[in-house]
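Analysis of the macromolecular model
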Amino acid sequence: FPVTIWGFYFKKTMFVFSLFLFFSKVYSQCNTLYNGQKIGNYRIMSSTGIIALDSVIRKEYSKQCEFFQIYDVPLYFFQEPKEEPDGNAFFYPREKTMCLGLNLIINLYGKTQNFDLISAALAHEFGHVIQNTYNWEGGGKYPELHADFLAGFYIGKKNIFKSETNLNSFVN
């Protein structure tokens, strides 16, 4: 081939590659967040700050990833403001990120002295991940009820609540 043909193919290849890089960056759904970044009004953390607690929560998170067949949603933690003493958790669709608040973890553990309620809260957030994954859009209270339903399915399937006290704490 003459040099001009190689030049043409090289330019064409570079143009296609440039388009690929541009569109993969613009339309990528998998964003990487870093410790200390903000999501909404919250500064996220990759750890609760307690190694043993991180280990238990990450182990349950891995079980739920397997159960719900969701593998591309990272889990982060955050400290809620004083206005949210009971705690909070959320799934942030824009970043495809799940976040558990430290106050929530402390309060849920405090109710039963085990991790059953934390597992339930995590399963509820997986419910929101599934809603987002399948583009389910319900209005009003229905997204929360649906996420509760999916959490209840997980809890029942895995027989998480072995005592009636823990089950009552979850319902209330």
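What counts, and at which threshold
- Residues numbered from 1 in each chain as written.
- Predicted model: local features only at pLDDT ≥ 70, side-chain atom pairs only at ≥ 80, totals over all residues.
- Heavy atoms only, no water.
- Helix = DSSP H or I, 4+ residues; strand = E, 2+ residues; numbered from the N terminus.
- Buried < 20%, exposed > 50% of the residue type's maximum accessible area, 1.4 Å probe, protein only.
- Salt bridge = Lys/Arg side-chain N within 4 Å of Asp/Glu carboxyl O.
- Pairing = 2+ DSSP bridges.
- Contact = heavy atoms within 4.5 Å.
- Axes fitted to C-alpha atoms, helices over the stretch in contact; angles between N-to-C directions.

**Focus on unusual backbone geometry**
At Lys 96, a residue that is not glycine, the phi angle is positive and equals roughly 50°. Relative to the assigned elements, Lys 96 resides in the loop between β4 (89-92) and β5 (97-101). What makes Lys 96 buried here is its relative accessible area of 11%. Phi is positive for Asn 135, close to 55°, though the residue is something other than glycine. With respect to the helices and strands, the residue Asn 135 is situated in the loop between α4 (116-133) and α5 (142-158).

**Observations concerning the pattern of salt bridges**
The final tally for this structure, using the stated rule, is 1 salt bridge. One salt bridge in this structure joins Asp 72 and Lys 96, with 2.7 Å as the shortest N-O distance. One end of the pair, Asp 72, is in the loop between α2 (51-68) and β3 (75-78); the other, Lys 96, is in the loop between β4 and β5, and 24 residues separate them in sequence.

**With respect to the sheet that holds β5**
Strand pairing in a sheet takes place through backbone hydrogen bonds and is either antiparallel or parallel in direction. Strands sit in the order β1-β2-β3-β5-β4 across an open sheet of 5 strands; the sheet is mixed. The outermost strands of the open sheet, each flanked by one partner alone, are β1 (38-39) and β4. Two strands pair when backbone bridges link them, and β3 and β5 are joined in this way by 4 bridges, in the parallel orientation. Bridge assignment links Leu 75 to a residue of β5, and that residue is Met 98. On top of the sheet, α2 reaches β3 and β5; it is set at about 140° to β3, its chief contact. The strands touched by helix α3 (residues 102-112) are β2 (42-45), β3, β4 and β5; relative to β5, the strand with the most contacts, the crossing angle is about 55°.

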